[in-house]
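# Observations on the model geometry
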Amino acid sequence: TTPTYSADLGITGGNDRANFRFFGSGTKNAGNADQTNLNRYNLFFGINMAPFSWLTVSSNVNASRLDRTRNKSLRDRFAETRYIPDLSSPLSPNLTNFNEFLEENKKNVDNNRVTTLNGNLTLSAKIKDLVLSSSLIFDYNEGSRDYFTPSTLMDGVSYISSYFGYNQRMILNNAATYKFDFSTKSNLNFEVGQTYQGDTYKYNYSRAYNGPNDHM
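These lines cover the structure that appears in this document, whether it is placed above or below.

Moving on to the overall build of the chain. In terms of helices and strands, the chain carries two helices and eight strands. The secondary structure elements of the chain, listed N-terminal to C-terminal, are β-β-β-β-α-α-β-β-β-β. Expressed along its principal axes, the backbone C-alpha trace of the chain runs to roughly 90 × 35 × 30 Å. Evaluated residue by residue, the chain yields a buried proportion of 20% over its 216 residues. Of the contacts formed within the chain by residues at least 6 apart in sequence, a portion of 62% connects residues at least 24 apart. Surface exposure of the chain reaches about 14700 Å², of which carbon and sulfur atoms provide 57%.

Given below as structure tokens:
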């Protein structure tokens, strides 16, 4: 296990008619012997306003990014590339040869990133006993990965793969509510509205062997 470091900043201000909140954070681990690493960044901003006594506006946006460095074990490489080189002649127990092997490992590319963006906007108007409300909600998630192994590590065969995928959602709500008061002990709430939701999913994944050179 390794320690994890985090830095956070939060700011809140305003009054009854308008207030806001901002929050930002960053998280990073110290890394392991196998060179795994994790970096996460997050930003949040929200605001509430009442420009008129009968109108309220609320909104917030949240964004985050996660960068990950995977370990460089041979087992994980073989699983990723689906290619097992000749193991009949392993590396000799020689420091010079091992250092040369580590230098070739530096040619590897393994970039992993996940990005998230979501938020909402809500409008609410109250005119006597009639309440009109409308809200827009969105959510977007994206993941990408680029991987490359040079031919010097796989018996003259290079490998490259690329992945990009995302899913997004949008929800629109509109509603009108009216309250009938028959007496101090009885009332009737009447509500009518509509909801629209749209979802989209997509991903692309490609991989190839033995490219024209050892440069991604």
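Here we take up the sheet that holds strand 7 (residues 159-181). Strand order in the open sheet formed by eight strands is 1-2-3-4-5-6-7-8, with antiparallel pairing between adjacent strands. Across the chains shown, the open sheet's two edge strands, defined by having one partner strand only, are strand 1 (4-14) and strand 8 (187-209). This sheet shows a mean twist of 5 degrees between the axes of neighbouring strands, independent of strand direction. Relative to strand 5 (residues 109-127), strand 4 (residues 55-69) runs antiparallel, the two being bridged by 14 bridges. Paired with Leu66 across the two strands is Val114, which belongs to strand 5. This element, helix 1 (residues 74-81), spans strand 6 (130-149), strand 7 and strand 8 of the sheet and lies at about 105 degrees to strand 6.

Relative to the assigned elements, Phe148 resides in strand 6. For the pair formed by Phe148 and Asp214, sequence separation is 66 residues and the distance between their alpha carbons is 9.0 Å.

Quick look at the pattern of salt bridges now. Going through the model one piece at a time under the given rule, you end up with nine salt bridges. With its nearest N and O atoms 2.7 Å apart, the salt bridge here joins Asp67 to Arg113. Taken as a pair, Asp67 in strand 4 and Arg113 in strand 5 lie far apart in primary sequence, 46 residues in all. Through salt bridges with shared partners, one network takes in Arg70, Glu80, Asp110 and Arg145.

A cluster of nonpolar side chains, Leu121, Leu123, Leu136, Met170, Leu172 and Tyr196, forms an exposed patch at the surface whose accessible area comes to about 480 Å². Residue placement: Met170 occurs in strand 7. Of the residues examined, Met170 reaches a relative accessible area of 39% and is grouped as partly exposed.

What follows deals with helix 1. For helix 1, the full list of buried residues reads Asp76, Arg77, Phe78, Glu80 and Thr81. Two residues or fewer past helix 1, Arg82 is found with a positive phi of approximately 55 degrees.

Conventions and cut-offs
Residues numbered from 1 in each chain as written. Predicted model: local features only at pLDDT ≥ 70, side-chain atom pairs only at ≥ 80, totals over all residues. Heavy atoms only, no water. Helix = DSSP H or I, 4+ residues; strand = E, 2+ residues; numbered from the N terminus. Buried < 20%, exposed > 50% of the residue type's maximum accessible area, 1.4 Å probe, protein only. Contact = heavy atoms within 4.5 Å. Areas by Shrake-Rupley, 256 points an atom, 1.4 Å probe, with all protein chains shown as cover. Pairing = 2+ DSSP bridges. Axes fitted to C-alpha atoms, helices over the stretch in contact; angles between N-to-C directions. Salt bridge = Lys/Arg side-chain N within 4 Å of Asp/Glu carboxyl O. Patch = residues over 30% accessible without salt bridge, like charges linked within 9 Å, V, L, I, M, F, W, Y side chains within 5 Å.

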